[in-house]
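# Summary of structural features
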Amino acid sequence: MLLRKVSQSSALCGIILRIPPVLSGSPRQAGVVVAVSNARLYASQAAQAVLEKPAAVGSDAATKVEKKAAAAAESKSFAVNMFKGQIATAQVFPFPKALNDEQEQFLRELVGPVSKFFEEVNDPAKNDSLEKVEDHTMEGLKEMGAFGLQVPADLGGLGLSNTQYARLVEIVGAHDLGVGITLGAHQSIGFKGILLFGNKAQKEKYLPKLASGEHIAAFCLTEPASGSDAASIKTTAVLSPCGKFYTMNGSKIWISNGGIAEIFTVFAKTPMKDPKTGETTDKITAFIVERSFGGVTSGPPEKKMGIKASNTAEVYFDDVRVPADCVLGEVGGGFKVAMNILNNGRFGMAAALSGTMKSVIIKAVDHAANRTQFGNKIHTYGAIQEKIARMTMLQYVTESMAYMISGNMDSGAAEFQIEAAISKIFASEAAWTVADESIQVMGGMGFMKDPGVERVMRDLRIFRIFEGTNDILRLFVALNGFQNAGNHLKSLQKALKNPIGNAGLIAGEITKRAKRKAGLSTGLTLQGSIHPELAQSGDLTVKAIEQFGEVIEKLLIKHGKKIIDEQFVLKRVADCAIDLYAMVVVLSRASRSLGQGHPSAQHEKMLCDTWCVEAYDRVVRDVKLLQSAQSKQLFNNMRSISAAVVENRGVVSPHPLGF
Amino acid sequence: MSGRVLVGVKRVIDYAVKIRVKPDHTGVVTDGVKHSMNPFCEIAVEEAVKLKEKKLIKEVVAVSCGPQQSQETIRTALAMGADRGIHVEVSGKDYDSLGPLQVSKILAALAKKEEAQLIILGKQAIDDDCNQTGQMTAALLDWPQGTFASEVSLEAEKIKVVREIDGGLETIKINTPAVLTADLRLNTPRYATLPNIMKAKKKKIANVKPADLGVDLTSRLEVLRVDEPPQREAGVKVETVEDLVAKLKDTGKI
């Protein structure tokens, strides 16, 4: 019906007809958004997370769809808009200055003592071999106030903003990731729920002792059968008939600080009666559980590849009586609590890892500058130069992402989950690569225990796995992006129902698509946002964003809501998104340095330009692949290969020798 | 003895930094270089705070002479436990030529103004290595001095000081008021904890000008030139004494 009305105009005709029926007609059928009401069908955490935020699983899909469409249309997040092929500069240009003079002064005073402590008191090699943080170091950290960095000052903490926290966590990351996780599991996720969702009574009761380190906290979500699929947890918390307490039963695994914590943020399924239908379903609720409640036990410390100093243990809940006032947030709103906690702490990882990379680069460069082979210092050889340059760029991007996101958060940005997820993926993979290449530059010496880089490498492996595996986070980035782009298309479709009233919007969209089809630029530009010396890199970025936006739209139209299952596609889309955000972030940072006339500005310009050229190539390659007929065949091949090897429980091809 | 202790703290280039001479040879590069409290001053602050914790003295006042940035050094002292600070503002050319004579005049004037009973300083600063300020201050005030202190104990109206001297350790008893200078083994300075740094923000730092204290800052010294120490050259191994003598003759040493 809609199509016929509009096709009277021949100009609109060609373009409109390209939108297949899937997206026309009633909202009920349209795009990814509808999947909201089918949440139960999708087990993956990514889909769940995408679907449950920001508006909850709704009963009235139609109004929710419209509201979301309106919200998405006004999002300030760069990543959200990038999926629509648009450039939202508010959160990325200029590079945020998130500290006022007083905060900056205070932070400067803190950096010295913290660095000194880690240089002189903390012994990372000892912590690693003891598989525990030395007692006197723990005491020193508690005295130092390191356990309550973001707790408000009136509750015994330091009340640091995200940017200040990031700067200190960077120092920890540069010295000892095992200690970093002990501190992070405690405050970045362990009791963050109380900071974000706790009521006044809960905050006043728990935060002071947590800030001083008298009590350690732990975040308990993962179970033996529920990792990425967090919504499938089986720990239960059943409300007593009197309504005064819950009885909790279940077991959690791989809990950081599990063996030493006193306060646990635990996620359990609570049976809830739907007031409208009378049906009882299990929903996740977050609880504050004290070891002193009784029934809480923990297992021995796990033996791990890295971050050995951090305690990792199983935690068991046997008929634990949890008072009803220990519910954190809303009953049944636990999944949102969990996702918000993880989202809120993600920038910390990028900050810590940027510090780790810096210190590892120092070791590699020190070796390269002093080692002579074939008559020259090895840093004069191209192979080594490329490694050092790449390591430097990866560190520069990570650092820029960390402080851009923390700056955005401190400035009150409401939407940063895609960027935070991107930063976690990027930082963990970049750090792994940098450590790996550092060992390579150092040669045999890198493999030896003493220089300490092998320990850093072992410590880093887990960062690609915990707090949301990078694979899941890639799905999250892509699906989140598709959802927003889908909403945009939906709102466009709505506009088409009333073409006269929305003539401007429609005309704009038509012009954009016509230009795209003709291979012309759609008018997007970064001019005015970036320093003129970076114009070329800016152009590459804009071109990449345009092509990205276009392929997103094509993919949405082609797959509709089934895009959720196309993981080969989603991974590549996420990789593009990561590269694009990285380009924009370094453009912003380098622009600022050039504008400030920093002595290192030209060096940063080089980092930025080099990064943008290679990132652009990667994005273009992926965009091409996603549109090629060959890609479908490749993905199918891989699917078949995997099926065969899984069925055979091993490689299928017979031995070349025949036996 | 209860009363007020003045502790002098100096802002110097951090001990871990590689020092470079300025191209014009008038001094060393300080711009953008990491600075921190002189290590011996840290020991002095620690000693003063310890005395206060033992309730042997009432108030610890941290003093620093220098430009705006000296306030950071005072803040560190406050974070370690000093009660309040005094920043004597000296900048520009005056700061370049500021030396022990001027500082000791300032400290003497402040000690009188603040009615201090004890002045504790570091034995020397790691940038100029003068080892004079404590001694000069005591002389100007006509107070006894306990320098190179590795142990300090307050007894009634006297102070027992164990001094590190070339021959070993010397124990002396001096009257108060007095000037002490801290040596390396006097104590191990505490780490400024982050909560203490936060509390230190509320402590007061008074601003004073040398002119207010009636102190004349003119220097009697003029720095002519600053150079790096000569590059250490490689040594040569010789087999016999004859060779040694021959080599020494060759290079004109004998």
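In the nomenclature of an unreviewed UniProt entry, chain B is known as Electron transfer flavoprotein subunit beta of Nothobranchius furzeri. Here is the UniProt Subcellular location (unreviewed entry) comment for chain B, exactly as written: "Mitochondrion matrix". The record in UniProt for chain B states the following under Sequence similarities (unreviewed entry): "Belongs to the ETF beta-subunit/FixA family."

Going by an unreviewed UniProt entry, chain A carries the name Very long-chain specific acyl-CoA dehydrogenase, mitochondrial and comes from Nothobranchius furzeri. In its Subcellular location (unreviewed entry) section, UniProt records this for chain A: "Mitochondrion inner membrane". Quoted verbatim from the Pathway (unreviewed entry) heading of the UniProt record, the comment on chain A is "Lipid metabolism; mitochondrial fatty acid beta-oxidation."

What follows covers the side chain of R572 of chain A. Residue and element names in this part refer to chain A. Turning to its location among the elements, R572 is positioned in helix 21 (residues 567–596). Among buried Asp, Glu, Lys and Arg side chains, R572 stands out as unpaired, with D622 the closest opposite charge at 4.8 Å. In contact with R572, not counting residues within four places along its chain, are D622, L625, L626 and F635.

Let's shift gears to the nonpolar core. Core analysis: the biggest nonpolar cluster contains 177 residues, and L168, V573 and W611 of chain A have the highest contact counts within it. With 17 residues, helix 21 of chain A is the largest single contributor of residues to this core. Not counting residues up to four positions away in its chain, the partners in contact with L168 of chain A are L107, L110, V111, V114, L149 and L160 of chain A together with L194 of chain B. Counting 46 residues, the second-largest nonpolar core is a separate cluster that includes Y206, M248, A286 and V322 of chain A.

This next bit is on the interface of chain A and chain B. Residue-level contacts link 19 residues of chain A with twelve residues of chain B. Buried surface at the junction of chain A and chain B, summed over both partners, amounts to about 1400 Å²; 68% is from carbon and sulfur atoms. Its largest share of buried area at the contact with chain B, chain A owes to F106, E109 and M144 of chain A, together 33% of the area lost on that side. The interface formed by chain A and chain B contains three salt bridges. For E42 of chain B, the salt bridge identified is with K116 of chain A, shortest N-O distance 3.6 Å. Linking chain A with chain B are three residue pairs in polar contact (both at pLDDT 80 or more).

As a further point, take the pairing of strand 8 (residues 158–165) of chain B. Residues and elements named next belong to chain B. With six bridges connecting them, strand 7 (residues 145–155) and strand 8 associate as antiparallel partners. Looking across to strand 8, one finds that E155 is bridged to K158. Taking the residues between adjacent antiparallel strands as the criterion, strand 7 and strand 8 are bridged by two residues, where A156 takes a positive phi near 50°. As paired strands, strand 8 and strand 9 (residues 168–175) are joined by eight bridges and run antiparallel to one another. Residue pairing for strand 9: K160 is matched across the bridge by K173. What sits between the antiparallel neighbours strand 8 and strand 9 is a turn of two residues.

With that out of the way, let us pick up the UniProt feature "domain: Acyl-CoA dehydrogenase/oxidase C-terminal" (unreviewed entry) in chain A. According to UniProt, the "domain: Acyl-CoA dehydrogenase/oxidase C-terminal" (unreviewed entry) feature falls on residues 332–478 of chain A. As annotated, residues 332–478 of chain A comprises 77% helix and 3% strand, and the C-alpha atoms at either end are separated by 27 Å.

Much of the literature gives interface size as the accessible area that the parts lose upon coming together. All names here are of chain A. Parsing chain A into structural domains produces domain 1 (338–471) and domain 2 (488–644). If you average the C-alpha positions of domain 1 and of domain 2, the two centres end up 25 Å apart. Counting residues at the interface gives 15 residues for domain 1, matched by 15 residues for domain 2. Both sides of the domain 1 and domain 2 interface together cover about 1500 Å² of buried area, and 77% of this is carbon and sulfur. At the surface where domain 1 touches domain 2, the tally comes to two salt bridges. The partner of R589 in a salt bridge is E399, and the shortest N-O contact between them spans 2.9 Å.

Moving on to the confidence of the model for chain A. Interpretation of the predicted coordinates at a detailed level should be avoided for regions scoring low in pLDDT. Put simply, chain A has an average pLDDT of 87, and 88% of its residues get 70 or more. Taken as a whole, residues 1–72 of chain A scores under 50 in pLDDT and shows 99 contacts with residues more than four places along the chain or in a different chain.

Take the environment of D325 of chain A next. All names here are of chain A. In this structure, D325 sits in the loop between strand 7 (312–323) and strand 8 (327–328). The exposure class assigned to D325 is exposed, which follows from its relative accessible area of 57%. Along the backbone, D325 and Q202 are 123 residues apart, and their C-alpha atoms lie at a distance of 8.3 Å.

Cut-offs applied
- Residues numbered from 1 in each chain as written.
- Chains lettered and ligands numbered in written order.
- Predicted model: local features only at pLDDT ≥ 70, side-chain atom pairs only at ≥ 80, totals over all residues.
- Heavy atoms only, no water.
- UniProt positions renumbered as here; feature names shortened; annotations may be inferred.
- Helix = DSSP H or I, 4+ residues; strand = E, 2+ residues; numbered from the N terminus.
- Buried < 20%, exposed > 50% of the residue type's maximum accessible area, 1.4 Å probe, protein only.
- Lys, Arg positive; Asp, Glu negative; His and termini not counted.
- Salt bridge = Lys/Arg side-chain N within 4 Å of Asp/Glu carboxyl O.
- Contact = heavy atoms within 4.5 Å.
- Core = buried A, V, L, I, M, F, W, Y, C linked by side-chain atoms within 4.5 Å.
- Buried area = accessible area lost by both parts, 1.4 Å probe.
- Polar contact = N/O pair within 3.5 Å; in protein donor to acceptor, adjacent residues only side chain to side chain.
- Pairing = 2+ DSSP bridges.
- Domains from an automatic or database assignment.
- pLDDT = per-residue confidence, 0-100.

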